[in-house]
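Chain by chain, the residues:
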Amino acid sequence: MAKLKVALYWAASCGGCEIGQLQIGEKILKLVEVADIVFWPVAIDVKYKDVEAMPSKSIDVCLFNGGIRNSEQEHIAKMLREKSKVMIAYGACAYGGGIPGLANLFNKQTIFDRVYLETPSTLNNDHTVPQPKTKVPEGELNIPEFYDSVKTLRQTIDVDYVIPGCPPEERTTWLALEALISGKLPPKGTVITHNAKAVCDDCSRKRDVKKVKKFYRTFEMIPEPEICLLEQGLLCAGITTRGGCGAPCPQANMPCTGCYGPVAGVIDQGAHFLSAVASVIDSNNPEEVRKIIDDIRDPVGTFYRYSLPDSLLGRARIK
Amino acid sequence: MKRITIDPVTRLEGHGKIEIFLNDKGEVANSYFQIPELRGFEKFTEGRLAEDMPQITQRICGVCPEAHHLAATKTLDDLFHVDAPSAAKKLRELFYSSFYVTDHTTHFYILGGPDFVMGPDAPVAERNILGVIAKVGMELAGAVLKTRKQNHHIIQMLGGRAVHPVFGLPGGVSKGLNEEERKEVEQIARESVAFAQLSLKVFDDIVLKNKAYVDMVVSDAFTHRTYYMGLVDEKNKVNFYDGKVRVVDPEGKEFVKFAPREYLNHVAEHVEPWTYIKMPFLKGIGWKGFADGKDSGVFRVAPLARLNAADGMATPLAQEAYEKMYATLGGKPVHHTLAMHWARLVELLYAAERLLELSRDPEITSPTIRTIPTATPDEGVGIVEAPRGTLFHHYITDEKGVIKKANLIVATVNNAAAINMSVKKAAMNLIKPGKEITEGLLNRVEMAWRPYDPCFGCATHALSGRSPAPVYVYDSQGKLVKSLG
Amino acid sequence: MSFEPKIVGILCNWCSYAGADLAGISRKKFAPNVRVVRVMCSGRVEPAFVLKALQSGADGVLVLGCHPGDCHYAEGNYKAARRMPLLKKMLAQMGVEDERVRLEWVSASEGDRFASIVNEMTEKIRQLGPFNHNGGGANG
Ligand code: SF4
Ligand code: SF4
Ligand code: SF4
Ligand code: FES
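About the criteria used
- Residues numbered from 1 in each chain as written.
- Chains lettered and ligands numbered in written order.
- Predicted model: local features only at pLDDT ≥ 70, side-chain atom pairs only at ≥ 80, totals over all residues.
- Heavy atoms only, no water.
- Helix = DSSP H or I, 4+ residues; strand = E, 2+ residues; numbered from the N terminus.
- Rg over C-alpha atoms; globule rule 2.2 N^0.38 Å.
- Buried < 20%, exposed > 50% of the residue type's maximum accessible area, 1.4 Å probe, protein only.
- Contact = heavy atoms within 4.5 Å.
- Areas by Shrake-Rupley, 256 points an atom, 1.4 Å probe, with all protein chains shown as cover.
- Lys, Arg positive; Asp, Glu negative; His and termini not counted.
- Charge placed at Lys NZ, Arg CZ, Asp CG, Glu CD.
- Near = heavy atom within 4 Å.
- Nonpolar A, V, L, I, M, F, W, Y, C, P; charged D, E, K, R; others polar.
- Salt bridge = Lys/Arg side-chain N within 4 Å of Asp/Glu carboxyl O.
- Domains from an automatic or database assignment.
- Buried area = accessible area lost by both parts, 1.4 Å probe.
- Polar contact = N/O pair within 3.5 Å; in protein donor to acceptor, adjacent residues only side chain to side chain.
- Arc of directions from axis to C-beta.
- Phe/Tyr/Trp six-rings, centres within 6.5 Å; stacked < 30°, edge-to-face > 60°.
- Lys NZ or Arg CZ within 6 Å of the ring centre and 35° of its normal.
- Pairing = 2+ DSSP bridges.
- Axes fitted to C-alpha atoms, helices over the stretch in contact; angles between N-to-C directions.
- Parallel < 35°, antiparallel > 145°, perpendicular 65-115°, else oblique.
- Left-handed = near helix turned anticlockwise from the far one by under 90°.

Engineer: Give me the lowdown on the overall build of chain C, citing residues and values where you can.
Structural biologist: When its secondary structure is counted, chain C shows four helices and four strands. A globule of 140 residues ought to have a C-alpha radius of gyration of about 14 Å, and chain C, at 15 Å, matches this closely. Its C-alpha atoms give chain C principal-axis dimensions of roughly 50 × 35 × 20 Å. Looking at chain C residue by residue over its 140 residues, the buried ones come to 51%. Partitioning the intrachain contacts of chain C with sequence separation of at least 6 by distance along the chain shows that 80% fall at a separation of at least 24. Of the roughly 6300 Å² of accessible surface on chain C, a fraction of 53% belongs to carbon and sulfur atoms. Across chain C, 18 positive and 14 negative side-chain charges occur, with their mean positions spaced 4 Å apart.

Engineer: Describe the site of ligand 2, and please don't skip the residues or the numbers.
Structural biologist: In the vicinity of ligand 2, the contacting residues are A:Cys200, A:Cys203, A:Arg205, A:Arg207, A:Cys228, A:Leu229, A:Leu230, A:Cys236, A:Gly238 and A:Pro250. A per-class count over the shell around ligand 2 returns seven nonpolar, one polar and two charged.

Engineer: Give me the pattern of salt bridges: which residues, what numbers.
Structural biologist: Applying the stated rule across the entire model yields 66 salt bridges over all chains. The residue A:Asp201 makes a salt bridge to A:Lys197 at a minimum N-O spacing of 3.9 Å. What makes A:Lys197 exposed here is its relative accessible area of 52%. Where salt bridges share partners, they join B:Glu179, B:Arg182, B:Lys183, B:Glu186, B:Arg190 and B:Arg360 into one cluster.

Engineer: Can you lay out the environment of A:Val150 for me, pointing to particular residues and giving the numbers?
Structural biologist: The residue A:Val150 is located in strand E8 (residues 146-151) in this model. On a C-alpha basis, the gap between A:Val150 and A:Pro164 in space is 18 Å, while along the polypeptide they are 14 residues apart.

Engineer: Kindly report on the domain arrangement of chain A, identifying the contributing residues and their values.
Structural biologist: All names here are of chain A. Taken domain by domain, chain A holds domain 1 (4-99 + 155-182), domain 2 (102-146) and domain 3 (199-303). Taking only C-alpha atoms into account, the centre of domain 1 sits 31 Å from that of domain 3. The junction of domain 1 with domain 3 conceals about 600 Å² of combined surface from both sides, 52% of it contributed by carbon and sulfur atoms. When the buried area of domain 1 at its contact with domain 3 is split by residue, Tyr 95, Glu 169 and Arg 171 rank highest and sum to 55% of it. Linking domain 1 with domain 3 are zero salt bridges. Counting across the domain 1 and domain 3 interface gives four residue pairs in polar contact (both at pLDDT 80 or more). Elements that contribute at least two residues to the side of domain 1 that touches domain 3 include exactly helix H5 (92-96) and helix H7 (170-182). For the side of domain 1 that touches domain 3, the per-class residue count stands at five nonpolar, two polar and two charged.

Engineer: Lay out the interface of chain A and chain C in plain terms, naming residues and giving numbers.
Structural biologist: The partner chain C presents 35 residues to the 37 residues of chain A that form the contact. Between chain A and chain C, a total of about 3100 Å² is buried, with carbon and sulfur atoms accounting for 61% of that surface. When the buried surface of chain A facing chain C is broken down by residue, A:Leu312, A:Leu313 and A:Arg317 rank first, second and third, together holding 27% of it. Inspection of the chain A/chain C interface yields one salt bridge. Linking A:Arg317 and C:Glu97 is a salt bridge whose minimum nitrogen-to-oxygen distance equals 3.2 Å. Seen at the junction of chain A and chain C, the total is 14 residue pairs in polar contact (both at pLDDT 80 or more).

Engineer: Requested: an account of the site of ligand 1, with residues and values cited.
Structural biologist: As a matter of local geometry, ligand 1 sits amid 13 residues, with A:Cys14, A:Cys17, A:Cys93, A:Cys166 and B:Arg59 nearest to it. In this structure ligand 1 sits where residues from chains A and B come together. Elements supplying a minimum of two residues to the shell around ligand 1: helix H1 (16-22) and H5 of chain A. Residues that form the shell around ligand 1 fall into these classes: six nonpolar, six polar and one charged.

Engineer: Outline helix H1 (residues 16-25) of chain C, supporting the account with residue identities and numerical values.
Structural biologist: Residues and elements named next belong to chain C. Every buried residue belonging to H1 is among Ser 16, Gly 19, Ala 20 and Ala 23, and all of these are buried. Viewed end-on, H1 has its buried residues packed into an arc of 100°, placing them on one side of the element. Remark: Arg 27 follows H1 within two positions and exhibits a positive phi of approximately 50°.

Engineer: Give me the lowdown on the packing of aromatic side chains, citing residues and values where you can.
Structural biologist: Applying the stated criterion to the full structure yields 27 aromatic pairs over all chains. Relative to A:Phe303, the ring of A:Phe273 has its centre 5.0 Å away and its plane inclined at 75°; by these criteria the two rings are edge-to-face. Of this pair, A:Phe273 sits in helix H9 (residues 269-279) while A:Phe303 is found in helix H11 (residues 299-303), placing the two residues 30 residues apart along the sequence. Here the aromatic rings of B:Trp274 and B:Phe290 are separated by 6.2 Å at their centres, their planes lie at 40°, and the arrangement is tilted. Taken together, the residues span a long stretch of sequence, with B:Trp274 in the loop between strand E10 (267-270) and strand E11 (279-282) and B:Phe290 in the loop between E11 and strand E12 (299-300) at a distance of 16 residues. Grouped by ring-pair contacts, the aromatic residues B:Phe21, B:Tyr32, B:Trp274, B:Phe281, B:Trp287 and B:Phe290 constitute a single cluster. Seen from the ring of A:Phe112, A:Lys108 lies directly overhead, with NZ or CZ sitting 5.4 Å from the centre. Stacked on the ring of A:Tyr216, the Lys or Arg A:Lys214 has its end atom at 5.2 Å from the ring centre.

Engineer: I'd like to hear about the pairing of E8(A), residue by residue, with values.
Structural biologist: All names here are of chain A. For E8, the tally of buried residues reaches five of six residues, placing the bulk of the element in the interior. Sheet analysis places strand E4 (residues 68-70) next to E8, joined by two bridges and oriented antiparallel. Residue pairing in the sheet places Ile 68 in a bridge with Lys 151 of E8.

Engineer: Break down the interface of chain A and chain B for me, citing the residues and quoting the values.
Structural biologist: Chain A puts 86 residues into the contact, and the matching count from chain B is 108 residues. Approximately 7800 Å² of surface area, both sides summed, lies buried where chain A meets chain B, with 61% of it carried by carbon and sulfur atoms. As a salt-bridge pair, A:Arg114 and B:Glu46 come within 3.8 Å of each other at their nearest N and O atoms. Between chain A and chain B we count 31 residue pairs in polar contact (both at pLDDT 80 or more) in total.

Engineer: Please provide a residue-by-residue account of the sheet that holds strand E4 (residues 101-105) of chain C, values included.
Structural biologist: Residue and element names in this part refer to chain C. With respect to topology, four strands assemble into an open sheet ordered E2-E1-E3-E4, the strand pairing being parallel. Because the sheet does not close on itself, it has two edges, and the strands there are strand E2 (34-39) and E4. Across the sheet, the mean angle from the axis of one strand to that of its neighbour is 20°, orientation sign disregarded. In the sheet, strand E3 (residues 60-65) pairs with E4 via five bridges, with the strands oriented parallel. Looking at E4, one finds that Leu 64 is bridged to Glu 104. Here H1 sits on the sheet and contacts strand E1 (7-12), E2 and E3; the angle it forms with E1, its principal contact strand, is near 120°. Most of the contacts of helix H3 (residues 76-93) go to E4, to which it runs at about 160°, and overall it touches E3 and E4.

Engineer: Before we move on, can you summarise the sheet that holds strand E1 (residues 4-10) of chain A with the specific residues and values?
Structural biologist: All names here are of chain A. Strand order in this open sheet of five strands is E2-E1-E3-E5-E9, and the pairing throughout is parallel. In the strand order of this sheet, the two ends are held by strand E2 (35-39) and strand E9 (161-163), each with one partner. Averaged over all adjacent pairs, the angle separating strand axes in this sheet is 30°, with direction ignored. Two elements, strand E5 (residues 84-90) and E9, share three bridges in a ladder whose sense is parallel.

Engineer: Hey, could you go over the packing of helix H2 (residues 47-55) of chain C against H3(C) for me, with residue numbers and the actual values?
Structural biologist: Residues and elements named next belong to chain C. Where H2 meets H3, the closest approach of the two axes is 10 Å, and the angle between their N-to-C directions is 40°. Taken as axis vectors, H2 and H3 run oblique relative to one another. Between H2 and H3 lies a crossing whose hand is right-handed. For the pair H2 and H3, contact is made by Pro 47, Val 50, Leu 51 and Leu 54 and by Arg 83, Leu 87, Met 90 and Leu 91, respectively. In terms of residue class, the contact of H2 with H3 is built from seven nonpolar, no polar and one charged.

Engineer: Tell me about the environment of B:Ala87, and name the residues and values.
Structural biologist: All names here are of chain B. For Ala 87, the location among the structural elements is in helix H4 (residues 86-118). Ala 87 gets classed as buried once you look at its relative accessible area, which sits at 2%. Separated by 302 residues in sequence, Ala 87 and Gly 389 have C-alpha atoms that sit 26 Å apart.

Engineer: Give me the lowdown on the environment of A:Ile99, citing residues and values where you can.
Structural biologist: Residues and elements named next belong to chain A. Turning to its location among the elements, Ile 99 is positioned in the loop between H5 and helix H6 (108-118). Classification of Ile 99 as buried rests on a relative accessible area of 0%. For the pair Ile 99 and Cys 259, spaced 160 residues apart in sequence, the C-alpha separation works out to 9.1 Å.

Encoded structure:
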């Protein structure tokens, strides 16, 4: 059998997805037995021009991580789509926009103002901000154009599969690679994980349909070790998040923040999480409800931690 | 004007691009190392809950999430005016030492090392981890993978996850160690110390015993006389987790030593229009452009800078290795950029030894790992040494602990100006009229920045898309004559 | 050109829809801007419905249910009363003005009340202008 040609790429990403991929450890040797890695900027010296020269659909699988934040990333996503038979959105950023997708609460102008003009350590009397084109004595320098919004990979190109997680846990990556290696691919559009049900399904904490009178912030209490965190008043996203990660966060006494994306069938992760949180509030009294909700001080950052660009509204309106 | 572009710069985490311009004679007129990406964490963290910052800011960089996680956690201690129990602090440092072991190992063998191990002129296809495995043999390669795996296991055991941990909280950590786990950590630490010693020996055999390499290390092409910055303990020994920031001048004399909350008095950032990265400099001296020497505010961070800025290492074996390095390279400070790889191995040994010490600390299995903060939050600064340099987090919140303003000066960013200078200098020394511009030559230009281990995930917390850094060479007509990328 | 707000009204079948019906039958004067979607109970109104309406071009969303105590499924409207304030809090962060999304109780006999809520909301949104949702990862 001919070796699989695999490309790995990062767009607006943190590099954690790559580190996650390196995490498969010895299995990487098993992977190189059956696959040639033809493009992997983090570890291999192959440059853009080499990819550009590859024939159309000559890459079997492309694992693409990171969101789309600027013109260069969009360009490369389109190029890799054209060169690849199978395109996989790898990780929460490519899938839902990820944590950097929270930038959709702002826009280019407000971000640039903060970063290049207002931060207290910045000394910038000339009010210089980066420009796509700059004339320097020797010629012109170009950098990609920064967009107003973060986009997901699916909002940019056609995507065949999703491997969720921030980053995907080793077992999830390996599950997908095994499917690729064996050629037993699931139907297009599948989000590949061990468990299509919620994280709660993997979580060993006991649930008891208990409702709460107060939400706590993580620093305000030391949770009981065996009991569901949500029922102790911590905003755990486990009930609305796709399983398969093995629930490491609740095991470390911290709430799930939803990195595996929504459970199957849900289009808007944040709205679904919000709804679940509202339903554990133990009160019918509007005043009391308001007081309980008052303790939830960052609904967008909590409910859409990884998926604001992929949400129904996609971004905040800036006036 | 001829122009050389290296795009993307490979083997760095993050995106970068190098443009080299040649004049009519074919000499290097100038070069620019550009970061094409920004993500804007300083802005979109506004409105977030302070306690979420350890998990949010670590998405600046998945290569050193542990550094952001702890810098943020320490900022929260300061912001909530809470002192974490001593066991919690030790657990954080233990976790961090494990992280240093994996990270320095990754850098040396996977990212930076291939140039040395394989030689800069080795075919492109071999200048990577697979080539390294072939050369150093399966046994050492196996040890590399094992060390990484074991230490990631510790990170996961404490942090909850192997990448993007979750255990940091104002006033402590969410999870402790039991005796069984402690024993496991101790065993891994012992093996890590042995592995670090072996790595120094490999460096000795492959680099120090090879005159051509040593000549390259000490050559002018790879040398800059700058200020150096690093965190030190109360005895001025290198510390990764806590202490004061010390800066030494190009002669190695202490220029300033400051506590985290004073950082704005000493560090400032300069903006250029052609890159998304800002250039930090010493405020006391000022931004004087891309220049080295005592009159320029440019300073450097990361392993060599930390060693230069400190008076030694706090563990015995690392101290020995430290002394050997300075004895071999002619005393302190060392200005040879490529010696950064060596310094990294000295730190690898220190991290492993520190891990071992902490694993044997009687307090490390204490269940008292959290103090619930009770004071009103307001403002905090937290500094750690990320593997790639001094990392500053600074947040201001409302009285409910919601972020109003955040400022971040990220490890790699501190080296931004120096990286530009290093690339230019290497290009000027290596690219000469009439000399053919080969891939090997351009790779040597890339070698000028690789020691910094620039993690442009970090750098681009403001903006970037990551790809390897391409090099483009343009002639005096602006025609592309050579590109690596 | 004058702006005619498009409001999506999500009405519980038992009280509010009947109330709206009554307003219609009794020829109350109310603004024609509300497109009614009937659901069995206000407790069925998922936050995603509201977002979907806004995403699809609505300038406002009006959710109506039975008065507290009158829900035919006992607790449905209490559920709505827990979700909507949280949803509105989140929408505020997204730059959506408070007046664009409203939850009210209207009984089967309150044709007048229905009409005045609709009129008032239409007027408010007319003042606010179109919602102009520019989300979904738009460039530029
Ligand atoms: S999904 Fe998470 S780990 Fe992967 S690039 Fe995005 S932030 Fe980093
Ligand atoms: S809500 Fe969280 S803590 Fe509770 S069972 Fe689900 S995952 Fe576990
Ligand atoms: S528990 Fe939640 S946040 Fe943690 S890894 Fe799983 S899905 Fe991600
Ligand atoms: S039936 Fe009307 S609100 Fe439940």
